[in-house]
2 protein chains.
Amino acid sequence: MAAQENDTAIGFKPLYAQVKDQLIRRLVDRTWQPGMSLPSEQELARQLSVSQGTVRKALDAMTAENLLVRRQGRGTFVAEPEDSRILFQFFRLAADDADATGATGAFPDSKLLGWAQDTADKDQADALDLEVGATVWLIERVRLLLGKPVLTETITIPADAFPGFEQLTEIPNNVYQLYSARWGITIAKADERLKAVAATDEDARHLKCELGEPLLAVRRIARDLEEKPVELRLSRCLTRDMHYAANLR
Amino acid sequence: MAAQENDTAIGFKPLYAQVKDQLIRRLVDRTWQPGMSLPSEQELARQLSVSQGTVRKALDAMTAENLLVRRQGRGTFVAEPEDSRILFQFFRLAADDADATGATGAFPDSKLLGWAQDTADKDQADALDLEVGATVWLIERVRLLLGKPVLTETITIPADAFPGFEQLTEIPNNVYQLYSARWGITIAKADERLKAVAATDEDARHLKCELGEPLLAVRRIARDLEEKPVELRLSRCLTRDMHYAANLR
DNA sequence: GAGTGGTCTAGACCACAAA
DNA sequence: TTGTGGTCTAGACCACTCC
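Residues numbered from 1 in each chain as written. Chains lettered and ligands numbered in written order. Predicted model: local features only at pLDDT ≥ 70, side-chain atom pairs only at ≥ 80, totals over all residues.

### Observations regarding the overall build of chain A
- Along the backbone of chain A there are seven helices and ten strands.
- In terms of overall dimensions, chain A has a C-alpha envelope of 65 × 45 × 40 Å along the principal axes. (Helix = DSSP H or I, 4+ residues; strand = E, 2+ residues; numbered from the N terminus.)

Have a look at this one:
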């Protein structure tokens, strides 16, 4: 492989980790785009001058991180942000009578309240690694399940990372699909912080609930393939007949 | 390995999965107890008549599930329910000013409110796979961080699974440690459901908060090595200066 | 120095999908 | 039939720990 013989240096990485880094680089630079198939293990091993087993270890790790999808007999593919996966991976709200895995079965509909340009305040700037005052886009939506409003969400994204955003005429339900298709941005992981809060006037209006009713507030920072924060999403969820599912292991 | 040649049968499992099952059986029957070291990979491979690579794959999987701890040069050990691991793995509440990984740094203190025997209602019975009316133990505690009450918790466990529970004179802070040491029960994973609720009279008294203040309600079902539910834990958390951390990937 | 897990290799055979 | 990923094997060398 492309010679990385730092053995005693602190920056040492095993070969398979170096291979993984190389492969992720190809995802970042869009050499391999969502849906495309990668070369076979044998071919990659030859290209990188490592054994097939080492390539496999890198591919397995990336598959575990939902970056790739492997199908026996067919090949290895770059994961796509289809509704079903995004739903399972990033939408942890489920009806109380659904099963334990956390999938709702249906993608929540969206009612767009509006979107506009703004400047980042301290909180947004910290979350997105921006300067205070940097230009951002705000998107406000109410999301519905089976026709009923279940949460409001405010999405903040840096204008710099999404050039031409102002030309959009509509915001699709699945914005991660949009980020990928329009700007080549892959959301790879997200960190969420949950709190219980009281419904404000505005919450009550949007969610048709009582003023002061307890809501689940979720603060999500979504990151791209390089762990760079690219989206801040604040949600406020009605949890009368719903719950947020988490699996600890 | 102990001959399991069902190839076309629907119950087919790869060798390494069969090996893993075998090893877990030895954890369940306490052949290997927390803190003990396992035989070396070579030795296990010989015992089970498989290659070292196959054993390794099983061991790696179990390590990923926090059942084992491997230390280069020393050996492979059965994971212990020490405070630091339990804290990191099962306690997702953190102060807002802590870092993003979800560790609080300190194990929350406990103020025991009492424990008593009771009979399982429908909800408890469903959660723990019991008959309605089965005998259970209830434990009520308030937990404190830096001296301040942050949550109340009600633990329900089946009396059958914890014989001699009535002889306890105190309940330690880390009950998973107790389950392990006293009854050989290992908590391997847990599913949590979160909701926002309003503080009741009792909540307000225990947490020194306002009546009706929004609290984060966490319903945890903890499972043993065989995925059997062994504990139901209902928590109600003050999240004014705290949050529940979740990582989505 | 002996023994352990961590990494890497090379090659075999299988199940599966597509042509 | 061909090519893919999935499994399994056998053996090498390294880094680390303990004696």
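### Notes on unusual backbone geometry
Residue and element names in this part refer to chain B.
- Positive phi outside glycine occurs at arginine 30, with the angle close to 65°.
- Tracing the sequence through the fold places arginine 30 in the loop between helix H1 (15-28) and helix H2 (41-48).
- Backbone geometry places asparagine 66, a non-glycine residue, at a positive phi of 65°.
- By secondary structure assignment, the location of asparagine 66 is in the loop between helix H3 (52-64) and strand S1 (68-71).
- Its 16 C-beta neighbours within 10 Å are what place asparagine 66 among the partly exposed residues. (Buried ≥ 20, exposed ≤ 12 C-beta atoms within 10 Å, placed from the backbone.)

### Side note on the packing of H2 of chain B against H3 of chain B
Residues and elements named next belong to chain B.
- Look at H2 against H3: their axes get within 8 Å of each other, and the N-to-C directions meet at 110°. Classified by the interaxial angle, the pair formed by H2 and H3 is roughly perpendicular. Each of Glu41, Gln42, Leu44, Ala45 and Leu48 in H2 lies in contact with H3, whose residues at this interface are Gln52, Val55, Arg56 and Leu59.
- Of the residues in the contact of H2 with H3, the class split is five nonpolar, two polar and two charged. (Axes fitted to C-alpha atoms, helices over the stretch in contact; angles between N-to-C directions. Parallel < 35°, antiparallel > 145°, perpendicular 65-115°, else oblique. Contact = placed C-beta atoms within 7 Å. Nonpolar A, V, L, I, M, F, W, Y, C, P; charged D, E, K, R; others polar.)

### A closer look at helix H1 (residues 15-28) of chain A
Residues and elements named next belong to chain A.
- In this model H1 runs 20 Å from its N-terminal to its C-terminal C-alpha over 14 residues, within 8% of the 20 Å that 1.5 Å per residue would give.
- The complete set of buried residues in H1 reads Tyr16, Val19, Lys20, Leu23 and Leu27. When H1 is viewed along its axis, its buried side chains cluster within an angular range of 100° and face the same direction. Across H1 from its buried face, at more than 90 degrees, point the exposed residues Asp21 and Arg25.
- Arginine 30 lies just past H1 and shows a positive phi near 65°. (Expected span 1.5 Å × (residues − 1). Arc of directions from axis to C-beta.)

### As for the sheet that holds strand S10 (residues 242-248) of chain B
- One open sheet holds the eight strands; their spatial order is S4(A)-S5(A)-S6(A)-S9(A)-S8(A)-S7(A)-S10(B)-S3(B), and the pairing between them is antiparallel. Bordering the open sheet on either side are strand S4 (109-119) of chain A together with strand S3 (93-95) of chain B, each of which pairs with just one other strand. If you compare each strand with its neighbour and ignore which way they point, the axes differ by 25° on average.
- The pairing of strand S8 (residues 214-223) of chain A with strand S9 (residues 229-237) of chain A spans eight bridges and is antiparallel. Paired with arginine 223 of chain A across the bridge in S9 of chain A is proline 229 of chain A. (Pairing = 2+ DSSP bridges.)

### A word on the pairing of strand S1 (residues 68-71) of chain A
All names here are of chain A.
- Relative to strand S2 (residues 75-78), S1 is paired through four bridges, and the arrangement is antiparallel. Each bridged residue has a counterpart across the sheet, and for arginine 71 the counterpart in S2 is glycine 75.
- Where S1 hands over to S2, the hairpin turn is made up of three residues, of which glycine 73 adopts a positive phi near 85°.

### Some thoughts on the relation of the copies chain B and chain A
- For the pair chain B and chain A, the relating rotation is 180°, the translation along its axis is 0.0 Å, and the fit reaches an RMSD of 0.0 Å. This pairing of chains is accounted for by a two-fold axis.
- Comparing interface residues between copies, 100% of those in chain B also sit at the interface in chain A, which points to an isologous, same-surface contact. (Least-squares fit on C-alpha atoms with pLDDT ≥ 70 in both.)

### Comments concerning the protein's contact with DNA strand C
- Close to DNA strand C lie 19 residues, the nearest being Leu15, Gly53, Thr54 and Gly73 of chain A together with Ser40 of chain B.
- Breaking the surface near DNA strand C down by element, the ones donating at least two residues are H1 and helix H3 (52-64) of chain A together with H2 and strand S2 (75-78) of chain B.
- By residue class, the composition of the surface near DNA strand C is four nonpolar, eleven polar and four charged. (Near = placed C-beta within 6 Å.)

### Points about the nonpolar core
- One finds Leu194, Leu216 and Cys237 of chain A together with Leu194, Leu216 and Cys237 of chain B to be the most contacted residues of the largest nonpolar core, which totals 38 residues.
- Residues in contact with leucine 216 of chain B, not counting those within four places in the same chain, are Leu194, Lys195 and Ala196 of chain A together with Leu194, Ala196, Cys237, Thr239 and Tyr244 of chain B.
- Counting 31 residues, the second-largest nonpolar core is a separate cluster that includes Val50, Ala120, Ile157 and Ala222 of chain A. (Core = buried A, V, L, I, M, F, W, Y, C linked by C-beta atoms within 7 Å.)

### Quick look at the protein's contact with DNA strand D
- Near DNA strand D you find 19 residues, and of these Ser40 of chain A together with Leu15, Gly53, Thr54 and Gly73 of chain B are the closest.
- Elements supplying a minimum of two residues to the surface near DNA strand D: helix H2 (41-48) and S2 of chain A together with H1 and H3 of chain B.
- The residue makeup of the surface near DNA strand D, split by class, is four nonpolar, eleven polar and four charged.

### What to know about the domain arrangement of chain A
- Segmenting chain A into domains produces domain 1 (15-78) and domain 2 (83-244).
- Facing eight residues of domain 1 of chain A, the contacting portion of domain 2 of chain A comprises seven residues. (Domains from an automatic or database assignment.)

### Some words on the environment of serine 110 of chain A
Residues and elements named next belong to chain A.
- In this fold, serine 110 is placed in strand S4.
- Its 17 C-beta neighbours within 10 Å are what place serine 110 among the partly exposed residues.
- Considered as a pair, serine 110 and glycine 35 are 75 residues apart in the sequence and their alpha carbons are 26 Å apart.
- Each residue touching serine 110, except ones within four places of it in the same chain, is listed here: Arg141, Arg143 and Asn173.

### Section: the interface of chain B and chain A
- Taken together, the contact between chain B and chain A spans 26 residues of the former and 26 residues of the latter.
- Only helix H4 (83-90), strand S7 (189-198), strand S8 (214-223) and S10 of chain B provide two or more residues apiece to the side of chain B that touches chain A.
- Across the side of chain B that touches chain A, the residue classes tally to 14 nonpolar, five polar and seven charged.
- The pairing of strand S7 (residues 189-198) of chain A with S10 of chain B spans five bridges and is classified as antiparallel. Looking at S10 of chain B, one finds that glutamate 192 of chain A is bridged to alanine 246 of chain B.

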